[in-house]
Amino acid sequence: MSNSPSPFIPGHDSNLLEDVKARIRDVPDFPKPGIVFKDVTPVLADPHLFGRVVNAMAAPFRGRHISKVVGVEARGFLLGAPIALALHAGFAPARKPGKLPYKTVTERYALEYGADGLQLHEDAVGPGDRVLIVDDLLATGGTAEATAKLVTKLGAEVVGFSVLISLDFLPGRERLGREKVCALLSY
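Below is a summary of the structure that appears in this document. Treat the numbers as computed from the prediction; the structure is a model and nothing was measured.

**Observations regarding the nonpolar core**
Thought 1: Core analysis: the largest hydrophobic core is formed by 29 residues, its most contacted members being Val-20, Val-53, Val-69, Ile-83, Leu-87 and Leu-164.
Thought 2: Taken together, the elements giving at least two residues each to this core come down to helix H1 (16-23), helix H3 (47-58), helix H4 (75-86), strand E7 (130-138), strand E8 (157-166) and strand E9 (181-186).
Thought 3: When residues in this core are grouped by element, the largest group, six residues, is from H3.
Thought 4: Contacts of Ile-83, omitting those with residues within four sequence positions, involve Val-54, Met-57, Ala-58, Val-69, Leu-132 and Val-134.
Thought 5: Formed by 26 residues, the second largest nonpolar core is a distinct cluster that contains Leu-118, Leu-120, Ile-133 and Ala-156.

Okay, here's the thing in structure tokens:
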């Protein structure tokens, strides 16, 4: 068995990609001028489509012995928790500093202008855990890379990344290792 996840192949749900594309809403100039925000909330609002998306995002990682799914703040929580259930794995949130109530580990990362950070509870994952990192969108890969560093800092193994959307004109896939990233949609 290969160590990298299989790419998403529609299979029996051949209309999924078109259905998701039709529901994703482009919001121009959000959160700042020049950005076209990919709003996934219409996908989440449709329970049938949401379930199909969760199954598709989990599919490449079935049989990979995922023990924990880490969802990246904040939309990664919305996808990560049901993906964890689909994979019979635990779930842990990677949050902005100061949001988790227990002892945490922190990873800082650079933004276009400034810096930010993410935290995990110190017992969220550990040695022997095989972790899938989930988010709604992969752009430059900074938050996903910071999350992966947190996971490895705690002694766990990052098996891969599952995202709903990858902006392939940005360097996220290369930054994380193209073979580790599965995206339902690519732009």
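**Considering the sheet that holds E7**
Thought 1: An order of E4-E3-E7-E8-E9 is seen for the five strands of this open sheet, with the pairing classed as parallel. The open sheet has two edge strands, strand E4 (90-94) and E9, and neither has a second partner. Shown here is a sheet whose adjacent strand axes are inclined to one another by a mean of 20 degrees, direction ignored.
Thought 2: Relative to E7, strand E3 (residues 68-72) runs parallel, the two sharing four bridges. The residue bridging Gly-71 from the neighbouring strand is Val-134, located in E7.
Thought 3: Taken strand by strand, H1 contacts E8 and E9, and its axis lies near 65 degrees from that of E9.
Thought 4: Across the face of the sheet, H4 comes into contact with E3, E4, E7 and E8 while running at roughly 140 degrees to E7.

Cut-off values and rules
Residues numbered from 1 in each chain as written. Predicted model: local features only at pLDDT ≥ 70, side-chain atom pairs only at ≥ 80, totals over all residues. Heavy atoms only, no water. Core = buried A, V, L, I, M, F, W, Y, C linked by side-chain atoms within 4.5 Å. Buried < 20%, exposed > 50% of the residue type's maximum accessible area, 1.4 Å probe, protein only. Helix = DSSP H or I, 4+ residues; strand = E, 2+ residues; numbered from the N terminus. Contact = heavy atoms within 4.5 Å. Pairing = 2+ DSSP bridges. Axes fitted to C-alpha atoms, helices over the stretch in contact; angles between N-to-C directions.

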